[in-house]
Amino acid sequence: RKLAQSDWYIKLLNEIDEVFTAHGSDKKIVFLIYFELAYLPIRERIKNEDRFVMMFAPYGRDFTKAYREWEEVPHAPAPLNQFKREYMHMGRYLYLLKQWQQIFKGDSFVFDYSLYDAVSHTEVTNVGFALIPYQDCMDLTVYGLNGRIECGQTNAMTPTSLILYSMADAMFYGEKDFAEIEEDYFTVSYGKEQKVLPFLKEMSVVLPTKYMLCKTKLLTEEDAARLQGGLDRVREFKKEFINYMPTEAVHRQNCRYFREYLELLEFVFLVMRDKALGCSEEQIEEYIEKYRHLVFRKEEIMPLYMSGRSWLGHISLSFRNKKQENEFTS
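Here the structure is a predicted model, which means the values were calculated and not measured.

> Account for the overall build of the protein, naming residues and giving values.
Of the regular secondary structure elements, the protein holds 12 helices and four strands. Looking at the protein as a whole, 52% of its 330 residues are labelled buried. A separation of at least 24 residues holds for 74% of the contacts in the protein among residues at least 6 apart in sequence. Counting only carbon and sulfur atoms, one obtains 53% of the accessible surface of the protein, whose full area is about 16,500 Å². Taken as two groups, the 43 positive and 50 negative side-chain charges of the protein have centres that lie 3 Å from each other.

If you want it as structure tokens, here you go:
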């Protein structure tokens, strides 16, 4: 404990660089700004900046808000650089990133967690969430970052892969606004006559997302009436959608998967409505057991498109109205 963690880290990196240099290697080394290592080293500095790429990892931030919605919050290290869960605040992360950029001028990128976090799995339409990681990708250079790696399920494509598609478009092209990307994605995926996008937008508004993210604790009678309306709409759309048979094979396959998703969405609305009407905890646990079977049956049908673990873990927590950190114990 003669030095802070970041000092020991930089000492180690410099030693590795010396060995690489002695062997004539031109390989790059990525180093990490994460938890205790988010704080600046007190004494040590990277000697050969051309060797290193800095990876910024704002784990645990609020993913319901884009980078651009945060203001920097000055934040000094606790004793021995201790980093606590309550420090996972994007305003603090952006402040610490800027500090690092003052002492390291080399290449850098972000390792972010949009598809790992509960938001992307609890906002089960994903049209209400996709705008945020899209904006973050568009803003990378504003924060001095040259790229992004996304932590999370690559099979997070239920109901759609709009999130991945919009992030890729922002990073590789950055020329369309989000509304154009949405329209393009759904037309390419479901055909020109598709009604999937307006339906998902309608459902995104009706679902009690704040409750499902445990940001509120109570559902009201008004919520119950709205959820009943949503449940009726899902059932109505299921009947309509079964008759939609586009000519392109890829459109038909996507529609097939979307019909499977509609059964999941119907069940989510059913449980949320009954929660709002005051059903018992025992009934909720019975629902979760039924949901477990439903989810993994759907994953078997859509193995490359659906992460059963994510759908089960995060949605079950929202049924119980418990926070994400309880996922592994509950």
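> Any details on the pairing of strand 1 (residues 29-33)? Residues and values, ideally.
Residues Ile29, Phe31 and Ile33 line the buried face of strand 1, whereas the alternating positions Val30 and Leu32 sit on a face that is not buried. Relative to strand 2 (residues 52-56), strand 1 is paired through five bridges, and the arrangement is parallel. Along strand 2, the bridge assignment pairs Val30 with Val53.

> I'd like a description of the pattern of salt bridges, backed by residues and values.
Scanning the entire structure with this criterion turns up 21 salt bridges. Here Arg51 makes a salt bridge to Asp17, at a shortest N to O gap of 2.8 Å. Residue Arg51 is found in the loop between strand 1 and strand 2, and its partner Asp17 is found in helix 1 (residues 5-22); the two are separated by 34 residues along the sequence. Per residue, the accessibility class of Arg51 equals that of Asp17, and both read buried. The structure contains a network of salt bridges with shared partners spanning Arg61, Asp112, Asp136, Arg148 and Glu150.

> Give a detailed account of the sheet that holds strand 1, specifying residues and quantitative values.
Overall, parallel pairing links the four strands, which are arranged 1-2-3-4 in an open sheet. Every interior strand has two partners, whereas the edge strands, strand 1 and strand 4 (148-152), have only one. Sheet twist, expressed as the average angle between the axes of neighbouring strands with direction ignored, equals 30°. Here strand 2 pairs with strand 3 (residues 107-115) via four bridges, running parallel. The residue bridging Val53 from the neighbouring strand is Asp107, located in strand 3.

> Would you mind going over the environment of Ile181 in detail, with residue names and values included?
As for its position among the elements, Ile181 is in helix 6 (residues 178-190). In this structure, the C-alpha to C-alpha distance between Ile181 and Met167, residues 14 residues apart in sequence, is 10.0 Å. In this view, Ile181 contacts Tyr134, Tyr165, Ser166, Asp169 and Lys176; residues no more than four positions away in its chain are not counted.

> Describe the nonpolar core, with residues and values.
Residues Phe258, Tyr291 and Phe319 are the most contacted members of the largest nonpolar core, which totals 68 residues. A total of 14 residues in this core trace back to one element, the largest contributor, which is helix 10 (residues 249-276). When neighbours within four sequence positions are excluded, Phe319 is seen to be in contact with Phe267, Val268, Val271, Met272, Lys275, Ile284, Ile288 and Tyr291. Within the second largest apolar cluster, 29 residues are counted, among which are Met54, Leu94, Trp100 and Phe104.

> With reference to specific residues and values, describe the confidence of the model for the protein.
The predicted model of the protein averages 93 in pLDDT, with 98% of residues at 70 or higher. Looking across the protein, the model is least confident in helix 3 (residues 118-122), with a mean pLDDT of 78, and most confident in strand 2, with 98. Under a pLDDT of 50 for its full length, residues 326-330 has, in the predicted model, eight contacts with residues more than four places off or in other chains.

> Explain the side chain of Arg320 to me, using residue names and the numbers behind them.
Note that Arg320 resides in helix 12 (residues 308-320). Looking at Arg320, its side chain comes within polar contact range of the side chain of Glu285, at 3.0 Å.

> Outline the packing of helix 10 against helix 12, supporting the account with residue identities and numerical values.
Closest axis-to-axis distance for the helix 10/helix 12 pair is 10 Å, and the angle between their directions is 20°. On the basis of their axis angle, the class for helix 10 and helix 12 is roughly parallel. With respect to the hand of their crossing, helix 10 and helix 12 are arranged in right-handed fashion. Contact residues: helix 10 offers Tyr261, Leu264, Phe267, Val268, Val271, Met272 and Lys275, while helix 12 offers Trp311, Ile315, Ser318, Phe319 and Arg320.

Definitions and limits used
- Residues numbered from 1 in each chain as written.
- Predicted model: local features only at pLDDT ≥ 70, side-chain atom pairs only at ≥ 80, totals over all residues.
- Heavy atoms only, no water.
- Helix = DSSP H or I, 4+ residues; strand = E, 2+ residues; numbered from the N terminus.
- Buried < 20%, exposed > 50% of the residue type's maximum accessible area, 1.4 Å probe, protein only.
- Contact = heavy atoms within 4.5 Å.
- Areas by Shrake-Rupley, 256 points an atom, 1.4 Å probe, with all protein chains shown as cover.
- Lys, Arg positive; Asp, Glu negative; His and termini not counted.
- Charge placed at Lys NZ, Arg CZ, Asp CG, Glu CD.
- Pairing = 2+ DSSP bridges.
- Salt bridge = Lys/Arg side-chain N within 4 Å of Asp/Glu carboxyl O.
- Axes fitted to C-alpha atoms, helices over the stretch in contact; angles between N-to-C directions.
- Core = buried A, V, L, I, M, F, W, Y, C linked by side-chain atoms within 4.5 Å.
- pLDDT = per-residue confidence, 0-100.
- Polar contact = N/O pair within 3.5 Å; in protein donor to acceptor, adjacent residues only side chain to side chain.
- Parallel < 35°, antiparallel > 145°, perpendicular 65-115°, else oblique.
- Left-handed = near helix turned anticlockwise from the far one by under 90°.

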